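Here's the letter readout for the chains.
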Amino acid sequence: MNAPNRHLLGIEGMAPPTILEILDLAESYALLNRSGKTRRDLLRGRTLINLFFEDSTRTRTSFELAGKRLGADVINMAVSQSSVSKGETLVDTATTLNAMNCDLLVVRHNRSGAPALLAQKVDAAVINAGDGTHEHPTQALLDALTIRRRKGRLEGLVVAICGDIAHSRVARSNILLLTTMNCRVRVVGPPTLIPTAIENFGAEVFHDMRAGLAGADIVMALRVQKERMSGGSVPSAREYFAFYGLDAAKLAYAKPDALVMHPGPMNRGVEIDSAVADDPTRSLIREQVEMGVAVRMAVLDLLARGGI
Ligand code: NCD
């Protein structure tokens, strides 16, 4: 067996038994969270620092909650990118944090590879909470847990990931995880938002929602990431919604029991219609948020005990 990984930087290279170990532990935390009994001693005396160079609601708060539920001291560092160049900021920050004896460092950054760079500079275990267009491993793990709880399995499911694949670290981590677990993954979107060579990741490409959603068990809508676009990829929100917005009519192309997901934040009326997002019989969006806390507790637990 390989030595456990001290950091969680991505899904890439993660083997099925490791994924299952995290999901099973997260499942037990999900049950514990629902029962209201949480273990407040596991991370007692440990320090978790949330270092977010980019905005976040769900991810930051759920890491904070996960750390606190396990008894850690949690610090949220508000980092502005201001005038300091990226390299200097990261190395300076790493030196400062190292001096504080932080145990767990949760990092979000708009540059791909920033958490990996920090991991080389600090003694803490580093968790990638989203880096540029690269990876967002805990999001893929919480999505997999949500799917498995509702469908009873991952293997053999048809998962259609729709929209802005090109700018999405969520899409990348999900494709890596779901193909590893033998799901059939499709990406659906306009050619301008589908990266070239995505087939090499094992995903099938569709440019039409009717064909892409046919027979799908899970339909995952992604946010149109305006902040990462250099212009011109999407004609207008209205036109985008007409072709790719997930509404009841397009969802009807999928299996009758297909379920809808979205990592948030949602652009309602752009990539998803409110009627679908808020339909409790079809939408897993709230459960995704709930599972986010459980998955992050599992990840913190494993890393604090030596690695994943
Ligand atoms: C995603 C992110 O930031 O990568 N959000 C999240 O973590 N829930 C997706 C997005 O920003 O669209």
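Just above sits the structure.
Residues numbered from 1 in each chain as written. Predicted model: local features only at pLDDT ≥ 70, side-chain atom pairs only at ≥ 80, totals over all residues. Heavy atoms only, no water.

Caption draft 1: Examining the environment of Gln225 more closely. Mapped onto the secondary structure, Gln225 falls in the loop between β8 (218-221) and α8 (237-244). Residue classification places Gln225 among the buried residues on the basis of a relative accessible area of 9%. Sequence spacing of Gln225 and Ile165 is 60 residues, and the spatial spacing of their C-alpha atoms is 9.6 Å. Ignoring sequence-local partners within four residues, the contact set of Gln225 consists of Asp164, His167 and Ser168. (Helix = DSSP H or I, 4+ residues; strand = E, 2+ residues; numbered from the N terminus. Buried < 20%, exposed > 50% of the residue type's maximum accessible area, 1.4 Å probe, protein only. Contact = heavy atoms within 4.5 Å.)

Caption draft 2: Summary view of the packing of aromatic side chains. Summed over all chains, the structure comprises one aromatic pair. Taking 5.7 Å as the distance between ring centres and 40° as the angle between the ring planes, the aromatic pair formed by Tyr240 and Tyr244 counts as tilted. One end of the pair, Tyr240, and the other, Tyr244, are both in helix α8, four residues apart, so they sit about a helical turn from each other. Under the relative-accessibility criterion, Tyr240 is labelled buried at 4%. In this structure Tyr244 comes out as buried when scored by relative accessible area, which is 13%. The ring of Phe241 is capped by Lys250, whose NZ or CZ atom sits 5.5 Å from the centre of that ring. (Phe/Tyr/Trp six-rings, centres within 6.5 Å; stacked < 30°, edge-to-face > 60°. Lys NZ or Arg CZ within 6 Å of the ring centre and 35° of its normal.)

Caption draft 3: Up close: the sheet that holds strand β6 (residues 184-188). The five strands lie next to each other as β7-β6-β5-β8-β9, forming an open sheet whose pairing is parallel. The sheet is open, and its two borders are formed by β7 (204-206) and β9 (259-261), each paired with just one other strand. Going from strand to strand, the sheet's axes swing by 25° on average, the running direction of each strand aside. Sheet topology places β6 next to β7; three bridges connect them, and they run parallel. Counterpart to Arg186 in the pairing with β7 is Glu204. Strands in contact with helix α5 (residues 137-151) are β8 and β9; relative to β9, the strand with the most contacts, it is inclined by about 165°. (Pairing = 2+ DSSP bridges. Axes fitted to C-alpha atoms, helices over the stretch in contact; angles between N-to-C directions.)

Caption draft 4: The arrangement of helix α2 (residues 58-69) in detail. Between the first and last C-alpha of α2 there are 16 Å, a value that for 12 residues agrees with the 16 Å anticipated at 1.5 Å per step. Of all the residues in α2, the buried ones are Thr59, Ser62, Phe63, Glu64, Ala66 and Gly67. Of the surrounding secondary structure, the elements contacted by the buried residues of α2 are β1 (47-52), β2 (73-78), β3 (104-109), β4 (125-131), α5 and α11 (285-304). Looking one or two residues beyond α2, the residue adopting positive phi is Gly71, at roughly 90°. (Expected span 1.5 Å × (residues − 1).)

Caption draft 5: Layout of the pairing of β2. Note that β1 and β2 share six bridges and pair parallel. The partner of Ile49 across the bridge, within β2, is Ile75. The handedness of the β1 to β2 crossover, carried by α2, is right-handed. (Right-handed = clockwise from strand over helix to strand, strands pointing away.)

Caption draft 6: Examining the site of the ligand more closely. The environment of the ligand is formed by Arg58, Thr59, Arg108, His136, Gln139, Arg169, Val170, Arg223, Gln225, Pro263, Gly264 and Pro265. In this structure, Gly264 approaches the ligand through a main-chain N or O atom, which is 2.9 Å from a nitrogen atom. Coverage of the ligand by the protein chains reaches 94% of its 320 Å² of free accessible surface. Where the shell around the ligand is concerned, the elements lending two or more residues are α2 and α6 (169-180). Taken together, the residues that form the shell around the ligand break down as three nonpolar, five polar and four charged. (Near = heavy atom within 4 Å. Polar contact = N/O pair within 3.5 Å; in protein donor to acceptor, adjacent residues only side chain to side chain. Areas by Shrake-Rupley, 256 points an atom, 1.4 Å probe, with all protein chains shown as cover. Nonpolar A, V, L, I, M, F, W, Y, C, P; charged D, E, K, R; others polar.)

Caption draft 7: View of unusual backbone geometry. A cis amide bond, omega -5°, links Gly264 with the succeeding residue Pro265. Here Pro265 shows up in the loop between β9 and α10 (274-277). Its identity is not glycine, yet Asn101 carries a phi of approximately 55°, on the positive side. Turning to its location among the elements, Asn101 is positioned in the loop between α3 (86-99) and β3. The backbone of Asn182 shows a phi angle near 65°, a positive value even though the residue is not glycine. You can call Asn182 partly exposed: its relative accessible area is 46%.

Caption draft 8: Focus on the pairing of β4. Burial analysis of β4 places seven of its seven residues in the buried class, which makes it a mostly covered element. Relative to β4, β3 runs parallel, the two sharing five bridges. Following the sheet pairing, Leu105 is matched in β4 by Val126. A crossover connection joins β3 to the parallel β4 through helix α4 (residues 114-121); in handedness this β-α-β unit is right-handed.

Everything listed is a geometric property; what it means functionally is a separate question.
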